[in-house]
2 protein chains.
Amino acid sequence: MNINQRLKDLREVMRREHLAAFIFPSTDPHQSEYVADHWKGREWISGFNGSAGTAVVTMNAAALWTDSRYFLAAEEQLEGTEFQLMKLKMEGTPTIAEWLGKEITANRHPYEDWTEVGIDGWCSSANSVKELIADLRKENGITLRTNFDPLRQIWTDHPSIPQDPIEIYPIEYAGESCHDKIARVRQALRQRHADGMLMASLDDIAWTLNLRGSDVHCNPVFVSYLLISSKSVTLYINKKKLTPEVSAYLKAEDIRVEDYEQVKNGLKKYFEYNILLDPDEVNYALYEVVRNKGKMNDLPKTEIVEEESPVKRMKTVKNEREIAGFRSAMLKDGIAMVKFLRDLELRINNIENEPLTEIGVDEILTALRAEQPLFRGISFDTIAGYAEHGAIVHYEATPETDIPLRPEGFLLLDSGAQYLDGTTDITRTIALGPLTDEMKKVYTLVLKGHIQIELCKFPSGSSGTQIDILARQAMWREGLNYLHGTGHGVGTYLNVHEGPHQFRMEWKPAPLVAGMTITDEPGIYLAGKFGVRIENTLLIVPYMETEFGKFLQFVSLTLCPIDKSPIVVEMLTREEIDWLNGYHQHVYETLSPHLTSEENEWLRTACAPLSVR
Amino acid sequence: MNINQRLKDLREVMRREHLAAFIFPSTDPHQSEYVADHWKGREWISGFNGSAGTAVVTMNAAALWTDSRYFLAAEEQLEGTEFQLMKLKMEGTPTIAEWLGKEITANRHPYEDWTEVGIDGWCSSANSVKELIADLRKENGITLRTNFDPLRQIWTDHPSIPQDPIEIYPIEYAGESCHDKIARVRQALRQRHADGMLMASLDDIAWTLNLRGSDVHCNPVFVSYLLISSKSVTLYINKKKLTPEVSAYLKAEDIRVEDYEQVKNGLKKYFEYNILLDPDEVNYALYEVVRNKGKMNDLPKTEIVEEESPVKRMKTVKNEREIAGFRSAMLKDGIAMVKFLRDLELRINNIENEPLTEIGVDEILTALRAEQPLFRGISFDTIAGYAEHGAIVHYEATPETDIPLRPEGFLLLDSGAQYLDGTTDITRTIALGPLTDEMKKVYTLVLKGHIQIELCKFPSGSSGTQIDILARQAMWREGLNYLHGTGHGVGTYLNVHEGPHQFRMEWKPAPLVAGMTITDEPGIYLAGKFGVRIENTLLIVPYMETEFGKFLQFVSLTLCPIDKSPIVVEMLTREEIDWLNGYHQHVYETLSPHLTSEENEWLRTACAPLSVR
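The rules behind the values
Residues numbered from 1 in each chain as written. Chains lettered and ligands numbered in written order. Predicted model: local features only at pLDDT ≥ 70, side-chain atom pairs only at ≥ 80, totals over all residues. Heavy atoms only, no water. Helix = DSSP H or I, 4+ residues; strand = E, 2+ residues; numbered from the N terminus. Rg over C-alpha atoms; globule rule 2.2 N^0.38 Å. Buried < 20%, exposed > 50% of the residue type's maximum accessible area, 1.4 Å probe, protein only. Contact = heavy atoms within 4.5 Å. Areas by Shrake-Rupley, 256 points an atom, 1.4 Å probe, with all protein chains shown as cover. Lys, Arg positive; Asp, Glu negative; His and termini not counted. Charge placed at Lys NZ, Arg CZ, Asp CG, Glu CD. Buried area = accessible area lost by both parts, 1.4 Å probe. Salt bridge = Lys/Arg side-chain N within 4 Å of Asp/Glu carboxyl O. Nonpolar A, V, L, I, M, F, W, Y, C, P; charged D, E, K, R; others polar. Pairing = 2+ DSSP bridges. Axes fitted to C-alpha atoms, helices over the stretch in contact; angles between N-to-C directions. Phe/Tyr/Trp six-rings, centres within 6.5 Å; stacked < 30°, edge-to-face > 60°. Parallel < 35°, antiparallel > 145°, perpendicular 65-115°, else oblique. Least-squares fit on C-alpha atoms with pLDDT ≥ 70 in both.

Novice: What am I meant to see in the overall build of chain A here?
Specialist: Per the secondary structure count, chain A includes 20 helices and 28 strands. The C-alpha radius of gyration computed for chain A amounts to 25 Å, which stays within 12% of the reference 25 Å derived for 613 residues, consistent with globular compactness. Once the C-alpha set of chain A is aligned to its principal axes, its extents read approximately 80 × 60 × 50 Å. Looking at chain A residue by residue over its 613 residues, the buried ones come to 60%. When contacts within chain A are restricted to residue pairs at least 6 apart in sequence, those whose partners lie at least 24 apart make up 71%. When the accessible surface of chain A is totalled, it reaches about 24300 Å², and 49% of it is carbon and sulfur. In chain A, 65 positive and 90 negative side-chain charges are present, and the distance between their average locations comes to 5 Å.

Here it is in structure tokens:
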């Protein structure tokens, strides 16, 4: 990749268009976290391949903003390019608007009259563009152009939008028909005084229609829009993706089909009084189409109801079939994990073997998962980081970085799978041999944090922001922390990151209610040394009801032992020890009927009660 | 008070003005939490005297919204009136707009064309009115009139605005001159790209000018506005309040003085490009004056910078002099509390005495505080609730409700004082004799919550919403909770409630930084039985700095033993016991040099280490 040549080409286009800068966010027209290759423009221009990050290029400078998960990865990938790394949420890091304000003012010559900056209005949410416009205006009145994409001219080998076929998601796993879901969406729209809505989130559309695709790596979604009015439902999609079976299904469900590119016209021909557009979901270009109706053309005005899409919340609350599916998927995933952990132990301790590497870990584990029924692939790129690689939060081993495991220190293994009946996400940190005291202490602090979340009881409707500190309080007392969130929702054979509810330090108003899945994954990363993270996927269930309302609790869905060998037992409370022993007993009882006697022998030891001195 | 007659008078005015309803919030033109009698219109029309609550009156119905602190008090006070109680944050409680939507639609006859509702634009913040307008519009297009106050016609014995003199707050306590504070405010305004600001919060004005007044019961503030431009500073105040000394001081500080009523004209004659108006602080009427400049008259347009006032944050971070003042005030308050607690014990156990009542408790404690140097009054109305009265969160004993204390159960005592060098706020729950097991368990749960906050270490800039759960986790596991916040800032010889930082379940973005004061006051209230609350005022101080940033911790400023007799020791962790013993040792060492030998004997027992079986 010759990033500098690409920047040169870009600046030529910017010069022609009198643009002082161009901004490349990481998303697509659907606000996806992970996007199809067609929309990896930010990666193409910068060389940085993380899932979150924004590249900004001026005539004289280039910078990339990303969050703490990617600091180390971005540093490596941006090396040798013009791009400087901007670490989000660190003291002293300017916002994009502030940086542009300084860069454009400081470097006016020879383009001193240009105060216009570009961004592709299709690939940013309405809210993010509106905020950017307001922020830039404060910087000496910089303006934003949103209707121009320079990549069309310079990205010559641009991948096309995927055309792969989609499939029906069986009702036995979905637990609720498309018909019933649309009826619930319409009811929610009426409560919000809205006649209809435009759905743009790919996982919301897949959930609503009980359809799945394969357009995004690890995410079984398909590129489309769904326009719901009080009278009709229209799916905007490339018709090549529809098998005869899916076409028949859509017809039976009374869902019209139009070409993907027709969504703009669909909005123009939407003739009801108002429409719900979630401004964090719908892209700025489509938002502007609706906003300008009745202003710039003959079409009647449509009021925009700006609210969070009701589908987000509905999708996160799992029904009984979905919960049963999760339990089935977790059982299979636990079996694969136990087989893998035992195999890993044997290999590490057998010095005659070819040494296992990080990529080897991924291959073996994925092969074991693939043996399980209904396996459909991994749910995200496996993070297998040995020793100092464990400190790179979103590390993905490549042939260039791959290193052999030695019988010492930690292997951090964050992985998951897509099964037709559910999605998994699990992290274990495994001691491969002797550990330092620092490693043991850090491991125990992370484990304490993990267990404190598992133990938490809370009023229905609490937010993840309230609960997050339970995972951090023990490490904060030692001056340690992690800057990423503590947990996220998990889809039903859908995206492994499912919002809007989360555990995190920042405010997330999404209330936690019974039926939601959420991961519990604190970590500590000591750059250049090692990383520790321990993650289970939890289900929220009722706890008790009193005069103070309904209280909820978590139960672990994940079934896999947590390595006991690094634990400093004296650092755990009696309650924390009891939780760990109880969890291990449950894991053993659930998994053992499905394992060989050799595997069971290993599991019995792994799940034995913690020895308290 | 004849509430029904007042409602009749009001409805006559509403009928003349074609208003379908009128809304009475609890605040004044300065968004004060506690207001001068002149602005107690909501209390006058409804009879409810709590500090927070909104009364709404239609032609056929009346309702009052208040929060959980006042549910029991409001129920009592509204009894026999038309007002129905609307419990905020409880499931099923409609918003004011929703209720009005239903009431006005349901009861159209005989006023079926009236869809206008009134509110006094002077006594509501710009944001609250803007939100109300948007919410009412959704309810079949109800509109809001903001320029009419019916109380002017019907409240015949309306108290006037206070005219009491103000005084200079000495620099030895303030620690920073008015001149330096204004320079800091101007610097903050420049950072926000603002030329000036209108200050309306009475405590912000008192803090900025180093002046104090006595216009609001328990709050040493004075009614005024402060208009800061890049060139001048103008205080809008009733000139009768200015002593020659204060006038000379203001002149020396180059602060102009105009009549209070002239603020509107002052804004009209503000000729700079823009002005910062905090829309949660500035009332809607004044906000509209600025917004309409350049629209409805010949005056040039002034852009409004809508941001939180920078003064709020500045004021909450105490300087060294202020912290020294707090320590001095707390020492005096602790001495008074110890004298009181010892005296209480003697009186309760001496059956020959006239039995002490709740009002008696207040009188004795206030008299002991008044003996201390620099005492200026109480900082809020003492809450002395015995037995079931302890479960009324903001209980204030009256001759009608006053009950004698018996040698059993709990006395909940929440009180504080204004000293010239600092403001105090402390709650203790005192066992007067035998307790039930439930009382002991509840007391210990509250104590655990209190201690968990005291023990917390956290990254600088964390929010109180993140930390709040530490006070609740133990009680949530038992299905118990309290719906009020866990803590608030405390002013320097200013308001006992000082924002914007708080510990609470709801989102409060105000970041916690070193130098802030904050109370730690979890509670549990079992209606009809008893209440428990334990409160210290804390100071935020540095803890450590690591590669993960600056970490902060709390130290208790309050100096007073916490009753050990109700504690179920087995429910406390070793760490919690250690904290309590360490705190008591600190209390004893700090207070004992200032006490008589009899008092010291009592204190030694009260502060002795907890006996662990």
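After presenting the structure, the write-up continues.
Novice: Where do I start with the interface of chain B and chain A in this structure?
Specialist: Interface size is commonly expressed as the accessible surface area that is lost when the partners come together. Taken together, the contact pairs 33 residues of chain B with 33 residues of chain A. Here chain B meets chain A over a buried area of about 3000 Å², counting both sides, of which 58% is carbon and sulfur. On the chain B side of the contact with chain A, B:Gln466, B:Arg477 and B:Phe548 bury the most area, a combined 24% of that side's loss. Counting every contact that joins chain B to chain A gives two salt bridges. For A:Arg477, the salt bridge goes to B:Glu575, with nearest N and O atoms at 2.3 Å. Partitioning the side of chain B that touches chain A into residue classes produces 17 nonpolar, nine polar and seven charged.

Novice: Got a minute to help me understand the sheet that holds strand S16 (residues 383-386) of chain B in this structure?
Specialist: What holds strands together in a sheet is hydrogen bonding between their backbones, with the strands either parallel or antiparallel. All names here are of chain B. Read from one edge of the open sheet, three strands run S16-S17-S20, paired in antiparallel fashion. The sheet terminates laterally at S16 and strand S20 (426-431), the two strands that pair on one side only. For this sheet, the mean angle separating the axes of adjacent strands, direction not counted, is 10 degrees. Sheet topology places strand S17 (residues 410-415) next to S20; six bridges connect them, and they run antiparallel. Bridged to Phe 410 within S20 is Ala 431. Sitting on the sheet, helix H14 (residues 320-349) touches S17 and S20, and the angle it makes with S20 is about 15 degrees.

Novice: Teacher, can you tell me more about the packing of aromatic side chains here?
Specialist: Each aromatic ring pair is described using two quantities: the centre-to-centre distance and the angle formed by the ring planes. All names here are of chain B. Summed over all chains, the structure comprises 27 aromatic pairs over all chains. For the pair Phe 22 and Phe 24, a centre-to-centre distance of 5.1 Å together with 50 degrees between the ring planes defines the contact as tilted. Its relative accessible area of 2% is what places Phe 22 among the buried residues. Measuring from centroid to centroid gives 5.5 Å for Trp 44 and Trp 155, while their planes differ by 25 degrees, and the two rings are stacked.

Novice: What's the story with the packing of H14(B) against helix H20 (residues 597-606) of chain B in this structure? I'm lost.
Specialist: To describe two helices that pack against each other, one gives the angle between their axes and the distance between the axes. Residues and elements named next belong to chain B. Where H14 meets H20, the axes come as close as 10 Å, and the angle between the chain directions of the two elements is 85 degrees. In terms of axis orientation, H14 runs roughly perpendicular to H20. Together, Val 338, Lys 339, Leu 341, Arg 342 and Glu 345 of H14 and Glu 598, Glu 599, Trp 602 and Leu 603 of H20 make up the contact between the two elements. Across the contact of H14 with H20, the residue classes tally to four nonpolar, no polar and five charged.

Novice: It is not clear to me how the pairing of strand S26 (residues 530-533) of chain A should be interpreted in this structure. Could you clarify?
Specialist: A regular strand places its side chains on the two faces of the sheet in alternate fashion. Residue and element names in this part refer to chain A. Here S26 shows two buried faces, one formed by Phe 530 and Val 532 and the other by Gly 531 and Arg 533. Of the pairings in the sheet, the one linking strand S25 (residues 523-526) to S26 comprises four bridges and is antiparallel in character. When the bridges of S26 are listed, Leu 526 appears paired with Phe 530. What sits between S25 and S26 in their antiparallel hairpin is a turn of three residues, with Gly 528 showing a positive phi close to 80 degrees.

Novice: It is not clear to me how the pattern of salt bridges should be interpreted in this structure. Could you clarify?
Specialist: Pairs may arise between side chains of opposite charge once their charged atoms sit close together. What the rule picks out here adds up to 64 salt bridges over all chains. With its nearest N and O atoms 3.2 Å apart, the salt bridge here joins B:Asp203 to B:Lys315. Of the two residues, B:Asp203 is situated in helix H9 (residues 202-209) and B:Lys315 in helix H13 (residues 310-316); the sequence distance between them amounts to 112 residues. Here B:Asp203 matches B:Lys315 in class, with each residue buried. Between B:Arg347 and B:Asp343 there is a salt bridge, with its nearest N and O atoms 2.9 Å apart. Of the two residues, B:Arg347 and B:Asp343 both sit in helix H14, four residues apart, roughly one turn of that helix. Residue classification places B:Arg347 among the partly exposed residues on the basis of a relative accessible area of 34%. Among the charged side chains, a salt-bridge network with shared partners connects A:Asp203, A:Asp204, A:Glu281, A:Lys312 and A:Lys315.

Novice: Could you clarify how one ought to interpret the relation of the copies chain B and chain A in this entry?
Specialist: Here the second copy of the chain follows from the first by a rotation about an axis and a shift along it. Overlay of chain B on chain A (RMSD 0.0 Å): rotation 180 degrees, translation along the axis 0.0 Å. Both copies are brought into coincidence by an operation consistent with a two-fold rotation axis. When each C-alpha of chain B is compared by its distance to the rotation axis, B:Gln466 comes out closest, at 2.4 Å. Take the interface residues of chain B: 100% of them recur as interface residues in chain A, which is what a same-surface contact looks like.

Novice: Would you take a moment to explain the sheet that holds strand S18 (residues 417-419) of chain A for this structure?
Specialist: All names here are of chain A. An order of S15-S18-S19 is seen for the three strands of this open sheet, with the pairing classed as antiparallel. Of all strands in the sheet, those with a lone pairing partner are strand S15 (375-378) and strand S19 (422-423), marking the two edges. Two strands pair when backbone bridges link them, and S18 and S19 are joined in this way by two bridges, in the antiparallel orientation. Within S19, the residue paired with Gln 418 across the bridge is Thr 423.

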